[in-house]
Every structure is written in structure tokens, then in C-alpha cells.
Amino acid sequence: PGPQLPHDPSKKTLVICGSGWGATSLLNSLETEDYNVIVISPKNYFLFTPLLPSVAVGTISPRSILQPTRYVTRHKKRQVTVIEASATDVDPVNKTVTFADTSEIQGAVSNTTIPYDYLVFAVGAEVQTFNIPGVREHACFMKELEDAEKMQRRFMDCMESAAFPGQTSDEVKRLLHMVVVGGGPTGVELSGELHDFLEEDLRSWYPELAESVRITLVEALPSVLPSFSKQLIDYTESTFKEAKIDILTKTMVKEVKEKSVVLQMPDKSIVEVPCGLVVWAAGNTLRNVTRDLMAKLPEAQNNRRGITVDECMRMAGTDGSIFAVGDCTATTYAPTAQVASQQGAYLARVLGQLAKRDNLEYRLNELDAAPEAEKQEREQAEKRLAKLEKLRPFKYSHQGSLAYIGSDKAIADLPFFNGNLATGGVATFLFWRSAYLSTLFSMRNRTLVATDWLKVKFFGRDVSRE
Ligand code: FAD
Ligand code: NAD
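Residues numbered from 1 in each chain as written. Chains lettered and ligands numbered in written order. Predicted model: local features only at pLDDT ≥ 70, side-chain atom pairs only at ≥ 80, totals over all residues.

A. The pairing of strand S22 (residues 409–416), seen in detail. Where strand S21 (residues 401–406) meets S22, five bridges bridge the pair, whose relative direction is antiparallel. Each bridged residue has a counterpart across the sheet, and for glycine 406 the counterpart in S22 is lysine 409. Between S22 and the antiparallel strand that follows it, strand S23 (residues 419–425), lie two residues; phenylalanine 417 among them carries a positive phi value of about 45°. (Pairing = 2+ DSSP bridges. Helix = DSSP H or I, 4+ residues; strand = E, 2+ residues; numbered from the N terminus.)

Below you can see the structure in the form of C-alpha cells.
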């Protein structure tokens, strides 16, 4: 047989599904000597999503915002098993997880089932398409690293096709019309980044085409960035106006075609708009593995937004052995990295406490088997156990919302003396950069990202199409 999982039968097995914000934050803080820890994720890395739109236009190199999960686990006191696979099924009754190697290359064994004592479910979400025709076939997403790379390739393809000799002017206009769907933070940040690329690089590399590049942001609601304060929405809209990014609000994309998008305008009329590239940033939905798990507990799990958890992140309807964090859950918090990472760190504390409790229970069982054992020790152990039974609930501490809007400007809603400080502009942009730099999990990633920013400052972005 090949490599076996390092298993200590005296320790409980903790399986963590995912290697994103929730799972990585948990791994960072977890005392691994308490458990047999197994991480299962189809990506063997953590992706720093806030800088993904910067990767899509080449401001940042893709690898600068990745951190291999093994970089985190190798520093742990007790070995952690990292398995590159997708969880395909969780059985909450028999406490098993089934997972499969879904990558390009597979060995003779590519599917297996393992038992768990505790499971942390942190598989995030996937892109919501609302089953709108043509989205999967013709649009780019902005969720995973490969989405940003694909968008960058397609964007440069549009530029080069527009530069093809003899291209008609209508076709040049079509190819250079970039449509971003969804005026949430992802769509806004991406539109800002596209604008920077145009102004700072494409104008000098493609002077004959730059004037024809158009960016349109389409949002179904009455305004972009509904979660930000009104003055920052106004500031973003006026910055976009100056930057010649068109915002179409109260406008819904009804279909994406190979060379156009079909829009329902505010007056309900339908308009087909030619374009070269559509980026779909219209929000998230649950993954199938999450839906399947919820379907096994139909009475407790009936929220269509995600997994219902209690105040300690335990999945409702289970015996407390499954925890869920991040975008796969339905809580009162927004599906953000900030929430997922705080939940992950919180779970590390909870699991530490549970390990202590489980050890005490084990010791008490030993004492039961030896009736001559000291009465005093038993009493003390029982007292300590009673204290450990009670878990402190999760408390979210909001550090503020930040978004980059292009033209070296960012917006920030920050908690301030029980109120809110709304600020936008170049100083906020510098704050945005330093905040993200410090949030990056490792010194290696900080150095890579800071170097990318410097490289772009001195040499501009790379316009080669890989
Ligand atoms: P994720 O971070 O998505 O991690 C999910 C993990 O599960 C991944 O490792 C994935 O590979 C793995 N996985 C998937 N399927 C399976 C499976 N079947 N089995 C096992 N593992 C699986 N939030 C902010 O607070 N600030 C920001 O600035 C910000 N910017 C963003 C920018 C972009 C472009 C995007 C897309 C999101 C941004 N967010 C931001 C939101 C933030 O990224 C998410 O809220 C956060 O990633 C949620 O963390 P998570 O751990 O729940 O999920
Ligand atoms: P979102 O759900 O916040 O926004 C999607 C937008 O798309 C919505 O406003 C929706 O009305 C619109 N939409 C949906 N269908 C549409 C259609 N057919 N036509 C036109 N518009 C349509 O999604 P997001 O921006 O990807 O953000 C997801 C989560 O990640 C949020 O919680 C967000 O706060 C977080 N996030 C935060 C940051 C940041 O803090 N800088 C950046 C990115 C994402």
C-alpha cells in the first residue's frame, strides 16, 4: 500500500474540507498535536481573493496571491495530512467523508472514504448564474485563479483581434466593449482595475485602439455597492463617470451570447448590446456537496442560502461533530473573507477546548475502570469537565469594508467610536494597499505582492497574451 495517514488512535480525527479563508485561518491557529488532522481540498493552496481582480489585468502575478497549504501545515507541531481532492459526500450519521481526486492526472486510487470525529466544512461557494442562458458558455467568472487568468487572456485576445488589419470599425467597437455584470464589490473592483490597465498601459501600447475601449458595469439594483454607505456609493459613481466607466443600474442581464449581452433596461425594454468580453460577477450560490449534505438533514437544514449553524458554528441537526464556516453557511454576517477568517480562528479555540474536554472524559473513563483511584482526582476532573462543556459563542468583530475603485482611489467604511467613518480617495487607496499587504498570510506573499506593485510602477503591465 502507498502512504498511509499518520494516525494515532488515542487522538480524535479532525477533517477539514477546504483550503480557503475559513480553513486556512483555522489551520493557522490550530494546535495540531490535539488531533489527527486531515485537510481535503481540490486546490492545494490558499487563494487571497481580494487581489484577484488585480491578477486579471496583470497588476499582480498569479502566484503572488497563492500560498500552498503545505506552507502552513509544515510548521505545525504534529504532522497534518493534506489531500488534493474534492469532498463528494458527507455522511453525518456514520461520520464519514468521501472524496475524489478530480484533477487532470489520477492514480489507480482516486476515490475513498474516511471516518471523522470532527468535521469542519469550509468549502465556500460557487458562482451564481441564475441559469441565465449563455453565462457558463460565454462569460468569464472572477472567483478562482483560473478565472482571472482566463479573463486576462480573453481581454488581450480582444485587443489583438481589434488590431487585426482591416478590421471594420463596428467590429473594433464590439471587440473593445467590456461588460462587467454585477455591481457588488467584485464587479466594481474589476471595472476599476480594467480602467487602470487602459489608462496606464494600453494607451501607450495600442494608441490607435485605446479610444475605442469601453467598460460597462451592469447592475440589477438601483445602485452599485449596496452594502457601502450612501456617500461612498455616490463617490464611486462619480469616480466611474470621470473614468468613463458606464454604469447601468436597474438593468438586468437576461442572456449572454457569443458576441453580445441581452439587457433588460429599467423601462423593461430588451436591448442587445454587442461586446467582446463579459465578466460575470453576479454573486454566489451553494456548491452541490453542500446542498447534498443539507438534504440529509432536511428538518434542521432548510435555509436556501446555506448551512444553518448555532452560535458555536455547529451544524444544526448534527450531534455537534460537524462545524461549518464561511460562505457555505447562512448567518447574519455577509459572506466575506473577514467573517470566514474570524470564524476559522474561533474554531481553532473551540477545537482546542474540545480536545481538553475529550482528554478529560477519557481520563474519567480510566478512573471509572479503576474504582480504587483517587476520589480527589475524579472530583477535580469532573469539575474541570463541567467548565469545558460550555463553549463561548462566536462573536464577529467588524474591521470595516474596503474596496478599490480604480484611478488610485479606494473607499472605506470603517467602524469609528460606535459610529462609521466613510472615506474615499488616494489616501484610502494607500490604506487599502497597506491593509491588504498586512492581511496576506505570509512574509513571502507580502514580498511578492509588494514587488509586483513596484514592477508595475516602473515597467507597466505585461500585455503579452499567454
Ligand atoms: P473560500 O475562501 O472560497 O474557500 C473554499 C475552499 O474550499 C477552497 O479552498 C476550495 O478549493 C475548497 N473546496 C471547494 N470545493 C470543495 C470540495 N468539494 N471539497 C473540499 N474543498 C472544496 N471578502 C472580504 O472580506 N474582503 C475582500 O476584499 C474580498 N474580496 C474578494 C474578491 C473576490 C474577487 C472574490 C471572489 C471574493 C472576495 N471576498 C472578499 C469574499 C471572500 O473571498 C469570501 O467570502 C471567502 O473566500 C470565504 O471564505 P471560505 O473559506 O468560506 O471560502
Ligand atoms: P455580490 O452578491 O455582492 O454582488 C452581485 C451583484 O450582481 C448584486 O448587486 C446583484 O444585484 C447583481 N446581479 C445579479 N444578477 C444580475 C443580473 N442578471 N444582471 C445584473 N446584475 C445582476 O457579489 P460579489 O461582488 O461577488 O461579492 C460577493 C461577496 O464577497 C460579498 O459578500 C462581498 O462583500 C464580498 N467581497 C468583498 C470585497 C471587498 O470587501 N472589497 C470584494 C469582493 C467581494
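B. Molecular detail of the environment of glutamate 379. Tracing the sequence through the fold places glutamate 379 in helix H12 (residues 375–389). The exposure class assigned to glutamate 379 is exposed, which follows from the 10 C-beta atoms found within 10 Å. Along the primary structure glutamate 379 and glycine 406 are separated by 27 residues, whereas in three dimensions their C-alpha atoms are 64 Å apart. (Buried ≥ 20, exposed ≤ 12 C-beta atoms within 10 Å, placed from the backbone.)

C. Up close: the site of ligand 2. The full set close to ligand 2 counts 27 residues, and Gly182, Gly184, Pro185, Thr186 and Gly283 are the nearest of them. Going through the elements one at a time, helix H7 (185–205), strand S15 (252–256) and S21 are the ones with two or more residues in the shell around ligand 2. Here the shell around ligand 2 takes four residues from H7, the largest share from any one element. Along the lines of polarity and charge, the residues of the shell around ligand 2 split into 15 nonpolar, 10 polar and two charged. (Near = placed C-beta within 6 Å. Nonpolar A, V, L, I, M, F, W, Y, C, P; charged D, E, K, R; others polar.)

D. Geometry of the sheet that holds strand S12 (residues 177–181). Read across the open sheet, the five strands follow the order S11-S18-S12-S13-S14; overall the sheet is parallel. Each of the sheet's edge strands pairs with one partner strand only, and the pair in question is strand S11 (140–141) and strand S14 (245–248). In this sheet, S14 lies alongside strand S13 (residues 214–218) in parallel orientation, the contact comprising four bridges. In the sheet register, threonine 216 faces S14, and the bridge partner there is aspartate 246.

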